[in-house]
Each structure stands twice: as C-alpha cells, then as structure tokens.
Amino acid sequence: MTSSIPKEIKQSFLAFRNGIVADALRKAGMPYGIIFGLQLPQLSEIARAYEPDRELAEALWADTGVRESRLLAAWLYPPEALSPGRAAEMALGALTREEADILSFRLLRRHPQARAIADMIAAGASTPLQAYAAEALDRNLG
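Calculation notes
- Residues numbered from 1 in each chain as written.
- Predicted model: local features only at pLDDT ≥ 70, side-chain atom pairs only at ≥ 80, totals over all residues.
- Heavy atoms only, no water.
- Helix = DSSP H or I, 4+ residues; strand = E, 2+ residues; numbered from the N terminus.
- Rg over C-alpha atoms; globule rule 2.2 N^0.38 Å.
- Buried < 20%, exposed > 50% of the residue type's maximum accessible area, 1.4 Å probe, protein only.
- Contact = heavy atoms within 4.5 Å.
- Areas by Shrake-Rupley, 256 points an atom, 1.4 Å probe, with all protein chains shown as cover.
- Lys, Arg positive; Asp, Glu negative; His and termini not counted.
- Charge placed at Lys NZ, Arg CZ, Asp CG, Glu CD.
- Salt bridge = Lys/Arg side-chain N within 4 Å of Asp/Glu carboxyl O.
- Core = buried A, V, L, I, M, F, W, Y, C linked by side-chain atoms within 4.5 Å.
- Phe/Tyr/Trp six-rings, centres within 6.5 Å; stacked < 30°, edge-to-face > 60°.
- Lys NZ or Arg CZ within 6 Å of the ring centre and 35° of its normal.
- Polar contact = N/O pair within 3.5 Å; in protein donor to acceptor, adjacent residues only side chain to side chain.

Novice: What am I meant to see in the overall build of the chain here?
Specialist: Scanning the chain from terminus to terminus reveals 9 helices and 0 strands. Rg of the C-alpha trace for the chain: 15 Å, near the compact-globule value of 14 Å for 142 residues, within the 12% margin. Expressed as lengths along the three principal axes of its C-alpha atoms, the size of the chain is roughly 40 × 35 × 25 Å. For the chain, the residues scored as buried account for 44% of the 142 residues in total. In the chain, once contacts between residues fewer than 6 apart in sequence are set aside, the share between residues at least 24 apart is 69%. Accessible surface, the chain as shown: approximately 7000 Å² in total, 54% of it carbon and sulfur. Averaged over its 16 positive side-chain charges, the chain has a centre that lies 5 Å from the centre of its 17 negative ones.

Novice: Would you explain the pattern of salt bridges in this entry?
Specialist: When charged atoms on two side chains of opposite charge get close, those side chains can pair. The final tally for this structure, using the stated rule, is 9 salt bridges. Among the ionic pairs, Glu68 bridges to Arg67, the shortest N-O distance being 2.7 Å. Between Asp101 and Arg139 there is a salt bridge, and its shortest N-O distance comes to 3.1 Å. A residue pair is termed long-range when its members are at least 10 positions apart, and Asp101 in helix 7 (residues 97-106) and Arg139 in helix 9 (residues 128-141) qualify at 38 residues. Members of the salt-bridge network, linked through shared partners, are Glu58, Arg86 and Glu89.

Novice: Can you walk me through the nonpolar core in this structure?
Specialist: The nonpolar side chains of a soluble globular protein tend to be buried with one another. Formed by 40 residues in total, the largest nonpolar core has its most connected members in Ile9, Phe13, Leu72, Leu76, Leu103, Leu108 and Ile121. Secondary structure elements with two or more residues in this core: helix 1 (4-16), helix 3 (40-48), helix 4 (54-62), helix 5 (67-76), helix 6 (84-92), helix 7, helix 8 (114-124) and helix 9. Ranked by the residues each element gives to this core, the list is headed by helix 5, at 6 residues. Setting aside residues up to four positions removed in sequence, Leu72 forms contacts with Ile9, Phe13, Leu43, Ile46, Ala47 and Leu60. Judged by nonpolar contacts, the second largest core, of 5 residues, contains Leu25, Met30, Tyr32 and Ile35.

Novice: Any chance you could explain the packing of aromatic side chains here in plain terms?
Specialist: The relation between two aromatic rings is expressed through the spacing of the ring centres and the mutual angle of the planes. Going through the model one piece at a time under the given rule, you end up with 1 aromatic pair. Each ring, one from Phe13 and one from Phe36, has its centre 5.5 Å from the other, and the planes form 45°; the classification is tilted. With Phe13 in helix 1 and Phe36 in the loop between helix 2 (19-27) and helix 3, this pair connects stretches of sequence that are 23 residues apart. Residue class for Phe13 comes out buried when judged on its relative accessible area of 0%. Sitting over the ring of Trp61, Arg70 keeps its end group 3.6 Å from the ring centre. Just above the ring of Phe105 sits the side chain of Arg109; from NZ or CZ to the centre is 4.1 Å.

Novice: Explanation requested: helix 2 in the structure shown.
Specialist: Since there are 3.6 residues in each turn of an α-helix, residues three or four apart along the chain are aligned in direction. Backbone nitrogen of Ile20 and a side-chain oxygen of the N-cap are separated by 3.1 Å at the start of helix 2; the cap is Asn18. Two residues or fewer past helix 2, Gly29 is found with a positive phi of approximately 95°.

Novice: Mind showing me how you'd approach the side chain of Thr96 here?
Specialist: Looking at where Thr96 falls in the secondary structure, it is placed in the loop between helix 6 and helix 7. A polar contact of 3.5 Å, which involves the side chain of Thr96, links it to the side chain of Tyr32. Of note is the side chain of Thr96, whose polar atom sits 3.0 Å from the backbone nitrogen of Glu99. Among residues more than four places away in sequence, those in contact with Thr96 are Met30, Pro31, Tyr32 and Leu129.

Shown next, in the form of structure tokens:
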C-alpha cells in the first residue's frame with residue numbers, strides 16, 4: 001500500500017458526499033466524528049478501484065472516527081489474509097449494527113473458516129452489539 005491511497009480514498013468519499021444522508025445518520029446517533037453519507041453502491045464503486053490489501057484494510061478499519069473507512073475495510077480485506085482470531089476481534093469491535101452487517105456480508109462469510117469464526121464471535125460476545133455481530137455472521141452463513 002502506498003501512503004497516497006488512503007488520501008485518494010478520502011477524496012473519493014468527499015466526491016460522493018451526501019449531506020442529507022450524513023445528517024440523518026448523525027441524528028440517528030452514529031458514533032463517528034466524520035460521516036460522509038455514502039451509500040453501499042458508492043462504497044462498492046470505490047472498492048472496485050483498489051486491489052484487496054490487508055494493510056490498507058487494517059488502516060481503514062483503524063480509522064474509527066470515519067464511518068465510510070470502517071465500512072470500506074470490509075470490501076478491501078482479502079479473506080485469505082485474515083486470521084480467524086483477527087476476524088472475531090474485528091466483529092467484536094464493530095461500533096454499529098451496520099458495521100457488523102457489512103463486515104459479515106462482505107468479508108467474514110467468505111472466509112474459509114467462517115463457521116469457526118461465527119462460533120468464536122458468539123463465545124466472545126459480552127454486549128448486545130457483539131451478540132448481534134455473531135447473529136449477523138450466522139445469518140449470512142445461512
């Protein structure tokens with residue numbers, strides 16, 4: 001990952017910014033300092049411009065203050081580069097139901113050990129949001 005990629009991604013977030021959606025999400029109590037208001041098709045479009053990359057995805061996931069960074073990480077994390085322990089850690093660290101859903105649907109269900117990861121999340125869940133993350137992956141394994 002080059003250091004310019006996260007900056008390019010943030011510029012894409014700005015280009016797609018939707019103030020109406022961002023304001024609605026803010027009013028709904030989303031826990032982020034910055035919300036661009038992108039919708040899933042826009043995040044998918046941005047993701048298609050980049051190769052999956054563990055380092056980039058980890059940097060995006062670590063950006064807990066920006067909603068779109070956290071969501072985009074699920075698109076850009078190569079499942080084969082994700083250890084089951086890290087997968088469970090990410091799910092247990094989801095900040096919102098939206099994150100848990102996108103993480104489960106875009107990344108975790110594609111992991112070769114998805115069932116074991118779901119069990120790890122369920123075993124580690126100590127809050128309602130963490131239990132929801134386990135349920136989200138279970139639903140996606142259907």
